[in-house]
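Spelled out from the first residue to the last, the chains are:
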Amino acid sequence: MVFKPAHRNYEQMAGEYPEGRGENTPQSKKTRSVTFRLDASVIDELQSEADNREISLNVLVNQILRRYSEWDRFENKIGMMPVPKVILSSIIDKAISVAKSNGIKDVDRYSDEIIKQAAQIAFDLMKDSVLFMKRQYNLWVVLSVLEEYMKVSGIKADHKLEGSRKHVFIIQHELGENWSLFTKELLILIFQNLANVRAEISTTPNTTVAEVVLR
């Protein structure tokens, strides 16, 4: 079985732009053909999955190996574990529900504090994980790791460049309003601490959109 890996992500951008910033003409990575000998049953299962997705076997194998290379091999080492999306979406909601049931006044302020504290914890833990995985820590590398996490978690993300400096990041997660607010607070911390800029961030119950001008 022969495949040719080719991928571009934020980490490439960090390498192309001084200090992880700026714009450049996209360049694809070099490819190389490699032959593996696999069990026939494994190839049959992979071919069946490729047919179901209406993609080639080569593309599917590329996707599988890329995910392992960029994320799966690090999960145990950085203390990550697969968590169902329903758990992620219900943790903050449940905490707020418990606060209401216990008669805590000003629940809105209480919920805002929970979300901000959760985002701060996530941001603080992110540095060690990013350094372990990528051996460097800057805005674009952090965004790269965040993008990889969202991919393996089934969260849709898009990054667009409008004009020469305005970046638009769209995250569609289907995890509810509190998760949108958590994502907003996390992005605020990332852009403030790693780029010293303020992002304009809007949310809906299932989407977070950040617009930021980077020099």
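Calculation notes
- Residues numbered from 1 in each chain as written.
- Predicted model: local features only at pLDDT ≥ 70, side-chain atom pairs only at ≥ 80, totals over all residues.
- Heavy atoms only, no water.
- Salt bridge = Lys/Arg side-chain N within 4 Å of Asp/Glu carboxyl O.
- Buried < 20%, exposed > 50% of the residue type's maximum accessible area, 1.4 Å probe, protein only.
- Helix = DSSP H or I, 4+ residues; strand = E, 2+ residues; numbered from the N terminus.
- Axes fitted to C-alpha atoms, helices over the stretch in contact; angles between N-to-C directions.
- Parallel < 35°, antiparallel > 145°, perpendicular 65-115°, else oblique.
- Left-handed = near helix turned anticlockwise from the far one by under 90°.
- Contact = heavy atoms within 4.5 Å.
- Nonpolar A, V, L, I, M, F, W, Y, C, P; charged D, E, K, R; others polar.
- Pairing = 2+ DSSP bridges.

Take the pattern of salt bridges next. In a structure, side chains of opposite charge can pair up when their charged atoms sit close to one another. Tallying each qualifying case throughout the model produces four salt bridges. Among the salt bridges present, the one from Glu162 reaches Lys166, with a minimum N-O distance of 3.8 Å. Residue class for Glu162 comes out partly exposed when judged on its relative accessible area of 41%. In this structure, Glu211 and Lys166 form a salt bridge, with 3.2 Å as the shortest nitrogen-oxygen distance. Taken as a pair, Glu211 in strand S6 (residues 207-213) and Lys166 in strand S4 (residues 166-172) lie far apart in primary sequence, 45 residues in all. Note on Glu211: relative accessible area 31%, which makes it partly exposed. In this structure, a network of salt bridges that share partners links the residues Glu162, Lys166 and Glu211.

This brings us to the packing of helix H3 (residues 57-75) against helix H5 (residues 107-134). Viewed as axis vectors pointing N to C, H3 and H5 meet at an angle of 120 degrees, and their least axial separation amounts to 11 Å. Taken together, the axes of H3 and H5 lie oblique to each other. The chirality of how H3 crosses H5 is right-handed. The segment H3 lies against H5, with Glu70, Trp71 and Phe74 engaging Phe132, Met133 and Lys134. A per-class count over the contact of H3 with H5 returns four nonpolar, no polar and two charged.

Here the focus is the sheet that holds strand S3 (residues 156-162). If you walk across this open sheet you meet the four strands as S3-S4-S6-S5, and the pairing is antiparallel. The open sheet has two edge strands, S3 and strand S5 (200-204), and neither has a second partner. If you compare each strand with its neighbour and ignore which way they point, the axes differ by 10 degrees on average. Relative to S6, S5 runs antiparallel, the two being bridged by five bridges.

Working note: non-glycine residues mostly have negative phi, and peptide bonds are mostly trans. In this model, Arg135 sits at a positive phi of 65 degrees, which is unusual for a non-glycine residue. Note on placement: Arg135 falls in the loop between H5 and helix H6 (139-152). Note on Arg135: relative accessible area 65%, which makes it exposed.

So, about the pairing of S4. Judged from the seven bridges that link them, S3 and S4 form a sheet pairing that is antiparallel. Directly across from Lys160, in S4, lies its bridge partner Val168. Two successive antiparallel strands, S3 and S4, enclose a turn made up of three residues, where Gly163 displays a positive phi of approximately 75 degrees. Here S4 runs beside S6; their pairing, made up of seven bridges, is antiparallel. Its bridge partner being in S6, Gln172 is matched across the sheet by Thr207.

By themselves, these observations are geometric and do not establish any function.
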